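Here is what each chain is made of, one letter per residue.
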Amino acid sequence: MTERAALLEEPPPGPGVATAPPPDPRARALGLPRGLLRTARPRQWVKNVLVAAAPAAAGDLFRRQTLHQLPLLFILFTAAASAVYLINDARDATADRAHPDKCRRPVAAGEVPVPAAYAAGALLAALVPAAAAVLCNPATAALLGAYLLMQLAYCLSWKNVLVVDLVVVTAGFLLRAMIGGPALGIPLSRWFLITAGFGALFMVAAKRYSEALRTAREQRTDKGATRALLREYSDGYLRFVWQLAAGGAVLAYCLWALESGGTPAGVLPWRQLSMIPFILAVLRYAVFADRGTAGAPEDVVLRDRPLAVIALAWTGLYAMAVAGV
């Protein structure tokens, strides 16, 4: 009997034999949108809450115009960041497949085709500045355009350039913090910009330092297994950067808090008192940096209860200063 005849005469499986279910077209159709959403990194969207920093610092957080405009700014910045993540993962798909953790990303895992990720990222990158120009103002559109250009240049080449990579990532945080000013017509204090800039550099350098320590603890022979540029930085240099940035942030905030004006005077010097929780927050974050556990800033802030309590204390004191109680 030939092989073909044997196959034809083979009886169908009995009722107790499991058979593979046919592919569900609806599940396949939903797979791509879900993969694109995962590629957009929803867990990192919390960083875009920084768009409220400028109006909060100016005491204009609860104005009607601010409350109407801030959700829009959050959406625009989230879309801009998502565009960068999509294009980055599409470009790095081949390298990510060889990485023990990044291989699970939807593009690297094959859940999202590379052309689809490129197309979605390019579409968002084109729509965001146009929407900002129409819904906000040209200054907001220019800042979002600058953010996109810097981050895309980072994905293409700047992430492999010594020091420049630190500057670009820091600038991304700074643009988030300052965009509420131009969007709402709020003047930005020089001390606010300096504090935000040094604070962002502190967190970025602490994250790089933690990555370097973690690779050393795991006894990897190649630091670049996690991030290629780590081969170029020494642990001592990264430690120097985050310590310098921490000191700069504390000094700038203290000078800002000691400035007279900007908020009405109250019964107690609330702005000056807010220096205490700010310094405590920097010291607490430095503990994680020193241990080599300062990963993504949003993870550190959300997972550490003492840091959350300190942040609430700072918020309360600064709110009292703004209210002039």
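The rules behind these values
Residues numbered from 1 in each chain as written. Predicted model: local features only at pLDDT ≥ 70, side-chain atom pairs only at ≥ 80, totals over all residues. Heavy atoms only, no water. Patch = residues over 30% accessible without salt bridge, like charges linked within 9 Å, V, L, I, M, F, W, Y side chains within 5 Å. Areas by Shrake-Rupley, 256 points an atom, 1.4 Å probe, with all protein chains shown as cover. Salt bridge = Lys/Arg side-chain N within 4 Å of Asp/Glu carboxyl O. Helix = DSSP H or I, 4+ residues; strand = E, 2+ residues; numbered from the N terminus. Axes fitted to C-alpha atoms, helices over the stretch in contact; angles between N-to-C directions. Parallel < 35°, antiparallel > 145°, perpendicular 65-115°, else oblique. Left-handed = near helix turned anticlockwise from the far one by under 90°. Nonpolar A, V, L, I, M, F, W, Y, C, P; charged D, E, K, R; others polar. Expected span 1.5 Å × (residues − 1). Polar contact = N/O pair within 3.5 Å; in protein donor to acceptor, adjacent residues only side chain to side chain. Core = buried A, V, L, I, M, F, W, Y, C linked by side-chain atoms within 4.5 Å. Buried < 20%, exposed > 50% of the residue type's maximum accessible area, 1.4 Å probe, protein only. Contact = heavy atoms within 4.5 Å. pLDDT = per-residue confidence, 0-100.

This paragraph deals with a nonpolar patch on the surface. A cluster of nonpolar side chains, contributed by Leu162, Val163, Val167, Tyr237, Phe240 and Leu244, occupies part of the molecular surface with about 520 Å² of accessible area. Among the elements that make up the nonpolar patch, the one with the highest residue count is helix H11 (residues 235-258) (three residues). Following the sequence through the fold, Val163 ends up in the loop between helix H7 (138-156) and helix H8 (164-178).

Let us now look at the packing of helix H10 (residues 190-217) against H11. It is at 8 Å that the axes of H10 and H11 come closest, and there the two elements cross at 155 degrees. One way to sum up the angle between H10 and H11 is to call them roughly antiparallel. The hand of the H10/H11 crossing is left-handed. Tallied by class, the residues present in the contact of H10 with H11 amount to 21 nonpolar, three polar and three charged.

With that settled, the discussion passes to H10. Between its terminal C-alpha atoms H10 stretches 40 Å, which fits the 40 Å expected from 28 residues at 1.5 Å a residue. The N-cap of H10, judged by a side-chain oxygen 3.1 Å from the amide nitrogen of Trp191 a few residues on, is Ser189.

A word on the nonpolar core. In a soluble, globular protein the nonpolar side chains are often hidden away together inside. Counting 44 residues, the largest nonpolar core has Phe202, Trp242, Tyr253, Trp256 and Tyr285 as the members making the most contacts within it. Among the elements of the structure, helix H3 (53-57), H8, H10, H11, helix H13 (275-291) and helix H15 (305-323) are those that each provide at least two residues to this core. Beyond its immediate stretch of four places on either side in the chain, Trp242 contacts Phe202, Ala205, Ala206, Tyr209, Ala286, Ala289 and Asp290. Within the second largest apolar cluster, 26 residues are counted, among which are Cys136, Leu143, Leu144 and Leu148.

Moving on to the side chain of Asn88. Along the polypeptide, Asn88 turns up in helix H4 (residues 64-91). Take Asn88: its relative accessible area is 12%, and that puts it in the buried class. Contact partners of Asn88, with chain neighbours within four places excluded, come to Arg41, Arg105, Cys155 and Lys159.

Here we take up the confidence of the model for the protein chain. Residue-level pLDDT values for the protein chain average 83, and 84% of them are 70 or greater. Across the protein chain, the secondary-structure element scoring lowest on mean pLDDT is helix H1 (residues 3-9), at 45, and the one scoring highest is helix H6 (residues 114-135), at 94. Here residues 1-11 scores under 50 on pLDDT; set against residues more than four positions off or in separate chains, the count is two contacts. Within the model, the stretch residues 13-24 combines pLDDT values under 50 with two contacts to residues more than four positions away or in other chains.

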